[in-house]
Amino acid sequence: MTKNRLTYTLYAYGVCVFIFLIFRALWVPPFPDEILNFHVYVDTGDFLPFTSYPDANNHLISTFFNWISYYLFGANVIWMRWFELLSFLLFFKALIGLREFFKHQIVSTCFVIALSSGFFVLTFFTLARGYGMSMTFLLSALLYLFKAFKATDSRAILISFVFSALTLWSNLSMSISVMLIVLMLCYRTYQIRNKASLTIWFYLNAFFLGLLPIGLAIIYGFYLKAAGALWLGGSTSFYHDIFVNLSYRFLGDKGIWLVGIILLTCLVAFILNFKKIRLHSTIVVITTLFIGTVVGTITLHLLFGVNYPHNRAALHLLLLFLLFVFVLFDQATNWTKYLAAIPASIILIHHLININFSYPSGWKDSTMNKDLYEVLLEQQNNADELLTISAPFYFGEVVHYFNYREPSRLNNVQWIDYPNPIADFIIANPVDKVPNNGKYDTLYSHNTTKVALLENKDKTTWNVLDHKKLRTVSSSDSLLTIGSFYLYLEERKAILTSISTELSCSEKVDFASINVIFFNNVFEEVYNEEIILNQFRNDFTEPQKFEKSLFFTVDPEEYVVEIVLNNPKKYNWKVIRPESWIYKARLD
């Protein structure tokens, strides 16, 4: 096949993958991390670095595009995925561009197929999270880094600088790789300074478009580290936290063995061609970058206690590893170059076996679709009282998001003491292994994920202990008590608190919450459950009906139970005729 015809064939393959990703972006249910990013940064519009809530969940460029999508299409994270999805087109174009640096068509073809077929990698082009964009920008930065070393090309250096900055502001986990790219770009600039007749405009562009934003991103990374926001990762070992974890994520339960086959195949090709390997810029650059990133990651952990990145935070190591492997295969001068088909085939077959439109790769057990929510909502609509729901926090975030988009009377989900036997309903997945013992009816179970809605056959009978009714109050205090109860228990009991009111606020709320707090007899805080109001409704300028219950399992003691409006930003709230109740039930 001619080179041009092969390129067109690969583009056709890329179009097929893109169509597949479109359907996944439309059909895969909202993921908890997308929802958290939306509520904390997008809905509030407060996402700028150093001023917004410090958390690595804020992948700035992705959050910015999510914010644009929110104002164009509304509060639906499905539409926020489109910018991430479109970045795949640039990702695939970068893959095609990297073929220029391979000698053998078979190896470059296998490289493109491998990097555009991994189910784990493709997942991130269908989630509004920033990881897809960061992979796109990283590969684009590498493409122009290779171009800069292949020829005296100052334009390629500038473009690589820009893509490096975009990479880091999309995903701070890629800091080490980006810093190594920057060092190589600076070295290449020094090499060609006389040949290319570099002007002051080149240096100014390199500084303001590349070095300055990269420097600010690194400073921001240290800021997040100091705030304890860079928590994703492990501290066991590089092998366990990165190699094993990434192998499992990328290629499933047998991932460690499949990666072992890929490494063994590569080693065989390397040994059989060792004497024929000729160093050139491409192999030197990718070897320096891959090994440098590995060494830098280990060094940061040993010297500064930085967690080893795993899961999605280690995607850059996966991309560099695959590029490194295929560049090594490309050094073969005999039949061993065809061994490159082995890793490409493993990745492609694994992808085809695992194709689905139900869950993100690696999060099968924590994906809840809207069908389950609608069954739960139907149960609430047929009940007079507020139903209590126990679930892991990630299912709770999804339920609250659906409630936010289509307001209903459905209660908040609680994950305290999950699976809590006093709850009316439990949302469970196979991993949790919720003991049934004939106590629950299964109202819904997803065919693929097996995430299920369980109904407690023996509903808890609640007895009223006290009821408080207050007059309408307006306040901008940082803490406003809207219910207070004294509670004395001689034995362990189930306790339920309930509140009904209307809330209004003169401006849009970035953060406020209703909290139920239990204090013991020395006024120590025992429980503190919150309902975040801006995740309940996005606009309180018109009065909004608020009716929620929260349940607890409480040890025998003396308590003061406070229901408060937590208002740290001192909005002017109006709490209209609040009523609150406290109930108890016997624990079997």
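Up top is the structure these notes are about.
Okay, so let's go over this structure. What you see is a predicted model; the values in this text were computed from it and never measured.

Considering the overall build of the protein
When you go through the protein residue by residue, the secondary structure sums to 17 helices and 14 strands. Relative to its length of 588 residues, the protein is compact, with a C-alpha radius of gyration of 28 Å against a globular reference of 25 Å. Along the longest, intermediate and shortest principal axes, the C-alpha atoms of the protein span 85 × 55 × 45 Å. The 588 residues of the protein split such that 57% are buried. Counting contacts in the protein only where the partners sit at least 6 residues apart, residues at least 24 apart contribute 78% of the total. Taking the average place of the 46 positive charges on the side chains of the protein and the average place of its 45 negative ones, the gap between the two points comes to 16 Å.

Points about the sheet that holds strand β5 (residues 452-456)
The five strands lie next to each other as β2-β1-β3-β5-β4, forming an open sheet whose pairing is mixed. Strands with a single pairing partner mark the edges of an open sheet, and in this sheet they are β2 (413-414) and β4 (440-445).

Some points on the sheet that holds strand β13 (residues 558-566)
In any sheet, the strands associate via hydrogen bonds between backbone groups, in a parallel or an antiparallel arrangement. Spatial ordering of the open sheet is given by β8-β13-β10-β11, a layout of four strands whose pairing is antiparallel. Among the strands making up the open sheet, the edge pair consists of β8 (479-488) and β11 (525-532). Strand-to-strand, the axes of this sheet are offset by a mean angle of 15°, without reference to chain direction. Across seven bridges, strand β10 (residues 513-519) lies against β11 in antiparallel orientation. By the bridge assignment for β11, Ile517 is matched with Asn528.

Focus on helix α1 (residues 3-27)
For α1, which comprises 25 residues, the first-to-last C-alpha distance of 36 Å matches the rise-based estimate of 36 Å (1.5 Å per residue) to within 8%. Of the residues making up α1, those classed as buried are Leu6, Thr7, Leu10, Gly14, Val17, Phe18, Phe20, Leu21, Arg24 and Ala25. Of the surrounding elements, those touching the buried residues of α1 are α4 (77-98), α5 (105-115), α6 (119-123) and α15 (341-353).

Some remarks on the pattern of salt bridges
Counted according to the given criterion, the structure contains 13 salt bridges. For Lys508, the salt bridge identified is with Asp43, shortest N-O distance 3.4 Å. Note that Lys508 is positioned in the loop between β9 (493-505) and β10 and Asp43 in the loop between α2 (32-42) and α3 (60-73), a separation of 465 residues in sequence. On the basis of relative accessible area, Lys508 is assigned to the partly exposed category, the value being 34%. Overall, Asp43 belongs to the buried group, its relative accessible area being 2%. Where Glu406 meets Lys370, a salt bridge forms, and the shortest distance between an N and an O atom there is 2.5 Å. With Glu406 in the loop between α17 (393-405) and β2 and Lys370 in helix α16 (residues 370-381), this pair connects stretches of sequence that are 36 residues apart. Assessed through its relative accessible area of 25%, Lys370 is described here as partly exposed.

Remarks on helix α12 (residues 255-272)
With 18 residues, α12 should reach 26 Å at 1.5 Å per residue; the first-to-last C-alpha distance of 26 Å fits that figure. Within the sequence span of α12, burial applies to Gly255, Val259, Ile262, Thr265, Cys266 and Ala269. With its buried residues spanning 120° around the axis, α12 presents them on a single face. Along α12, the residues that are exposed and aim more than 90 degrees away from the buried face are Trp257, Leu264 and Ile271.

Observations concerning a nonpolar patch on the surface
Residues Phe50, Ile200, Trp201, Tyr203, Leu204, Phe207, Phe208, Leu211, Leu212, Leu216, Ile219 and Tyr223 make up a contiguous nonpolar surface patch of about 1100 Å² in total accessible area. Residue placement: Tyr223 occurs in helix α10 (residues 200-226).

Thoughts on the nonpolar core
Grouped together as the largest cluster of nonpolar side chains are 112 residues, with contacts concentrated most on Phe88, Phe111, Met135, Leu139, Phe326 and Phe329. Contacts of Phe329, omitting those with residues within four sequence positions, involve Val107, Thr265, Cys266, Ala269, Thr336, Lys337, Leu339, Ala340 and Pro343.

Parameters and conventions
Residues numbered from 1 in each chain as written. Predicted model: local features only at pLDDT ≥ 70, side-chain atom pairs only at ≥ 80, totals over all residues. Heavy atoms only, no water. Helix = DSSP H or I, 4+ residues; strand = E, 2+ residues; numbered from the N terminus. Rg over C-alpha atoms; globule rule 2.2 N^0.38 Å. Buried < 20%, exposed > 50% of the residue type's maximum accessible area, 1.4 Å probe, protein only. Contact = heavy atoms within 4.5 Å. Lys, Arg positive; Asp, Glu negative; His and termini not counted. Charge placed at Lys NZ, Arg CZ, Asp CG, Glu CD. Pairing = 2+ DSSP bridges. Axes fitted to C-alpha atoms, helices over the stretch in contact; angles between N-to-C directions. Expected span 1.5 Å × (residues − 1). Salt bridge = Lys/Arg side-chain N within 4 Å of Asp/Glu carboxyl O. Arc of directions from axis to C-beta. Patch = residues over 30% accessible without salt bridge, like charges linked within 9 Å, V, L, I, M, F, W, Y side chains within 5 Å. Areas by Shrake-Rupley, 256 points an atom, 1.4 Å probe, with all protein chains shown as cover. Core = buried A, V, L, I, M, F, W, Y, C linked by side-chain atoms within 4.5 Å.

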